[in-house]
Structure formats: C-alpha cells, structure tokens
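# Fold and contact review
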Amino acid sequence: MVPNVQLDSFSEVHIKMLERELEESVSRLAAPEVLKKAMHYSLQAGGKRIRPLLVFATLKAFGEDTKKGLQAAAAVEMIHTYSLIHDDLPSMDDDDLRRGKPTSHKVFGEANAILAGDALLTYSFQLLAQMAPEDADAEVKLALINELARASGAEGMVGGQTADIEGEDKDLDLEELEYIHVHKTGKLLAFSVAAGALLSRAEESRLKSLNEFAHHLGLAFQIRDDILDLEGNEEVLGKPVGSDETNNKSTYPSILTMEGANKALEHHIGMAKARLQETGLEIQLLEEITNLVANRDH
C-alpha cells in the first residue's frame, strides 16, 4: 500500500483544528451541563473524521483556504455523531461499545443520549447559518443548509437507515442494498465534498464529477465496512465483529461472496479516482482519502 504522506500531515493539522472547534462550539452553548457533557462525550470519541477531511481536502483541491470550511466540517461531523448515538440505542442496533468506549446511552442513559443526538442535529444547521460572511455569503449558506438537510434527512441518511431496518431478516438484492448504503452512508460523504465545492464556487461540470466521485466513494466505504464486519480485528475496530450477521442484515459479501465484494470495492475505488481525474483540480489529497477508504482497518 502506498503511504498517504501528504494526507497524514494534512489530517493531523486539520483534525486538531476540527476537534478544537467542536469542543469550543459545544462549550459556549447556554444549555444544561449533562447535555453538553453527553454531546462532548460522543464528539470526542475520535474516529477517522473522513467527512470533515473531505470538506477540507476539496477546498484544498480548489486552492482555497481550508479554514473557511471549518463550520461546515464541524456541522457534518455533528450530524454523523448524532446518527451514531441513535444507531447504538437499544431500539436500533443495541450496541454497548462505540470506538472501544461505552456507548452514549450506557454512560448517560437513553433519554440523555437521544437528546444529545437531537442537540447535535439541530446545532449543525445553526453553525452553517452563523458562518462568517467572508467565508460564505447568504446564497452559499442557504445552499449548504439545503444540501445538508437533504443528505441527512428522509431523502438521505434517515431514509437509508429506515430502509436498513426494513431490510433486516430479508434477502435483499444488490439494487436494494445499494439504495440503503447510498443513502445511509453515501449522502453525507457527498455533502462533505459538495460543501467544499460550494464554498469554492465550483462550476456545474466540476460539481457533477465531484458528486459522482463521492457516490462511488460512499459505496466503496460501505463495502469495506461490510468486509471488516466479517474479517476485521475487534480490538482495532473498537466494536464486536459479526454484528451484521447477528442482526440478519444483507451485506455485500452475503450477496456477492467475499471475492465478489472485494472486486466491487476495487471497481468503485477505480471509478471514484476516474471521476476525480475529470475535474482538473489538485486531487492528490482526495486520492489519498480514497486509498484510505479502500484499505482502512477500522
């Protein structure tokens, strides 16, 4: 595997910047302390921060100052974190561990976990609305808010989560499985790329290529996730392996076989990189993120 030299240093700087922003954003809320603690707890659980990195890397590809994407990066990470809090609840996946730590409802109780997720969801849109005018004018703010609402709501992540629950104990075909993952996982990844492009005032042709890049990246991300659920190291993953099988969920390996899933992963990674090449941008960081998705072990 080719080392992601540029991405490693880029990630270190930008993840620190993001995590400082997340901490300060929650700390300044005039809200009950238990709510803020629960929000902090899940935001500080770590993770790959792929979505914020896509915002920053897309801005970098356009030659823009990456700091202008800080609120958009924080907003999408808040949406992602809220979804994980709710996913872990007893009524959903009923998980005790997330990234090697007790899940939010195990620490703060179900009610506070639900409310922390709700607070992160709504605060994400407040962050976008309050972006500095020199980073995003009213037109760009409105576009970002619209795109994030679509990506995270009934037409995006929540719709995908619903289809995922409906698909339990059923033998889904590949088209049905792809619908789930395009919406449950892919839409937020696509927003992250679109956010960087919108903040860069990208023209329509580049937006189209970047959206197609994000589509294939999202499918690759989920295929790798399904593979790791069967072959991953539980200590590295920070959660039990085999949860999809336990919950009777259709996966790429169960439909395509493990060999077929690996071939599908290779296909979507190749398509993602091909769409990047069409943009004519400085794409090294985005390519390295694509390699990270293909080869990740957690």
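In this convention, every chain numbers its residues from 1, walking through the sequence in written order. In view of the model being predicted, local features appear only for residues whose pLDDT reaches at least 70, and side-chain atom pairs are presented and counted only at 80 or more, with totals across whole chains, interfaces and linings using the full set of residues. Hydrogens and water are ignored here; the side-chain numbers use all heavy atoms of the structure.

As a further point, take helix α8 (residues 157-166). A simple rule labels every residue: compare its accessible area, found with a 1.4 Å probe on the protein chains alone, to the largest value its type can have, and call it buried under 20%, exposed over 50%, or partly exposed in between. In DSSP terms, a helix is any run of H or I states spanning at least four residues, a strand is any run of E spanning at least two, and both are numbered starting from the N terminus. Looking at α8, one finds that the buried residues are Met157, Gly159, Gly160, Gln161 and Asp164. Contacts are assigned to residue pairs with any non-hydrogen atoms lying within 4.5 Å of each other. Buried residues in α8 make contact with α4 (70-87), α7 (138-152) and α9 (174-199).

Okay, the packing of helix α13 (residues 252-277) against helix α14 (residues 284-295) next. Lines fitted to C-alpha atoms define the axes here, with helix axes fitted over just the stretch in contact, and angles between the N-to-C directions of these axes take values from 0 to 180 degrees. Their axes nearest at 10 Å, the elements α13 and α14 cross at an angle of 175°. Between α13 and α14, the angle falls in the class roughly antiparallel. Packed against α13, whose contacting residues are Leu265, Ile269, Ala272, Lys273, Leu276 and Gln277, the element α14 presents Leu286, Glu287, Thr290, Asn291 and Ala294 at the interface. Classification convention: Asp, Glu, Lys, Arg as charged; Ala, Val, Leu, Ile, Met, Phe, Trp, Tyr, Cys, Pro as nonpolar; all other residues, Gly among them, as polar. In terms of residue class, the contact of α13 with α14 is made up of six nonpolar, three polar and two charged. Oblique is the label for every angle not falling under 35 degrees (roughly parallel), over 145 degrees (roughly antiparallel), or within 65 to 115 degrees (roughly perpendicular).

Bringing the nonpolar core into the picture now. One recurring pattern in soluble globular proteins is that nonpolar side chains are buried together. Formed by 81 residues in total, the largest nonpolar core has its most connected members in Met39, Leu54, Met78, Leu144, Leu199 and Phe213. Apart from residues lying up to four places away in sequence, methionine 39 is in contact with Val26, Leu29, Ala116, Ala119, Leu120 and Tyr123. By convention a nonpolar core is built from buried Ala, Val, Leu, Ile, Met, Phe, Trp, Tyr and Cys residues, the set being connected through side-chain atoms within 4.5 Å.

Grid spacing is 1 Å over the protein atoms alone, the probe is 1.4 Å, and a cavity is where that probe fits but cannot get out, while a pocket is an open set with protein on both sides within 12 Å along at least five of seven lines and lining residues have an atom within 4 Å of a point. Grid points are joined across faces, edges and corners, and a volume is the space filled by probe spheres set on the points. What the second largest pocket holds in volume is close to 470 Å³. Lining the second largest pocket we find 20 residues, and of these Glu147, Lys187, Ala190, Ala194 and Asn211 sit closest to its centre. At the level of elements, α7, α9 and α10 (204-231) are the ones that each hand at least two residues to the lining of the second largest pocket. Looking at the lining of the second largest pocket element by element, the count peaks at eight residues for α9. The residue makeup of the lining of the second largest pocket, split by class, is eleven nonpolar, three polar and six charged.

Moving on: the environment of arginine 98. The topology assignment puts arginine 98 in strand β1 (residues 97-98). Using a relative accessible area of 18% as the deciding quantity, one classes arginine 98 as buried.

Before going further, it helps to examine unusual backbone geometry. The phi angle at aspartate 94 is positive, at roughly 55°, despite the residue not being glycine. Of note, aspartate 94 is situated in the loop between α4 and β1. One non-glycine residue with positive phi stands out, namely aspartate 169, at about 65°. Residue position: aspartate 169 is located in the loop between α8 and α9. Judged by its relative accessible area of 59%, aspartate 169 falls in the exposed class.

So, about the packing of helix α2 (residues 33-43) against helix α6 (residues 110-129). Running from amino to carboxyl end, α2 crosses α6 at an angle of 75°, the nearest separation of the two axes being 9 Å. With respect to α6, the axis of α2 lies roughly perpendicular. Contacts between α2 and α6 involve Val34, Leu35, Ala38, Met39 and Leu43 from the first element and Asn112, Leu115, Ala116, Ala119, Leu120 and Tyr123 from the second. Looking at the contact of α2 with α6, its residues break down into ten nonpolar, one polar and no charged.

Attention now goes to empty space enclosed by the protein. According to the stated counting rule, one finds two cavities of 30 Å³ or more in the structure shown. Estimates place the volume of the largest cavity at around 110 Å³. The wall of the largest cavity is formed by 13 residues, among which Ser42, Ala45, Ile85, Asp88 and Arg98 lie closest to the centre. At the level of secondary structure, the elements contributing two or more residues to the lining of the largest cavity comprise α2, α4 and β2 (101-102). Tallying contributions element by element places α4 first for the lining of the largest cavity, with three residues. Its volume calculated, the second largest cavity comes out at about 60 Å³. Per-class residue counts for the lining of the second largest cavity are two nonpolar, one polar and six charged.

Given the number of residues in a helix, its expected span is that number minus one, multiplied by 1.5 Å. Helix length check: helix α3 (residues 50-61), at twelve residues, gives a terminal C-alpha distance of 16 Å against a target of 16 Å (1.5 Å per residue), a fit within 8%. Counting buried positions along α3 gives eleven out of twelve residues, so the element sits mostly inside the fold. When we look at burial in α3, the residues that qualify are Ile50, Arg51, Pro52, Leu53, Leu54, Val55, Phe56, Ala57, Thr58, Leu59 and Ala61. Residue glycine 63 follows α3 closely and has a positive phi angle near 75°.

For this document, the term salt bridge refers to a Lys or Arg side-chain nitrogen within 4 Å of an Asp or Glu carboxyl oxygen. Summed over the entire model, instances satisfying the criterion amount to 18 salt bridges. The shortest N-O distance in the salt bridge between glutamate 77 and arginine 49 comes to 2.7 Å. One end of the pair, glutamate 77, is in helix α4; the other, arginine 49, is in the loop between α2 and α3, with 28 residues separating them in the sequence. Overall, glutamate 77 belongs to the buried group, its relative accessible area being 1%. Put simply, glutamate 64 and lysine 68 hold a salt bridge, and the shortest N to O gap is 3.1 Å. Given the relative accessible area of 27%, glutamate 64 is considered partly exposed.

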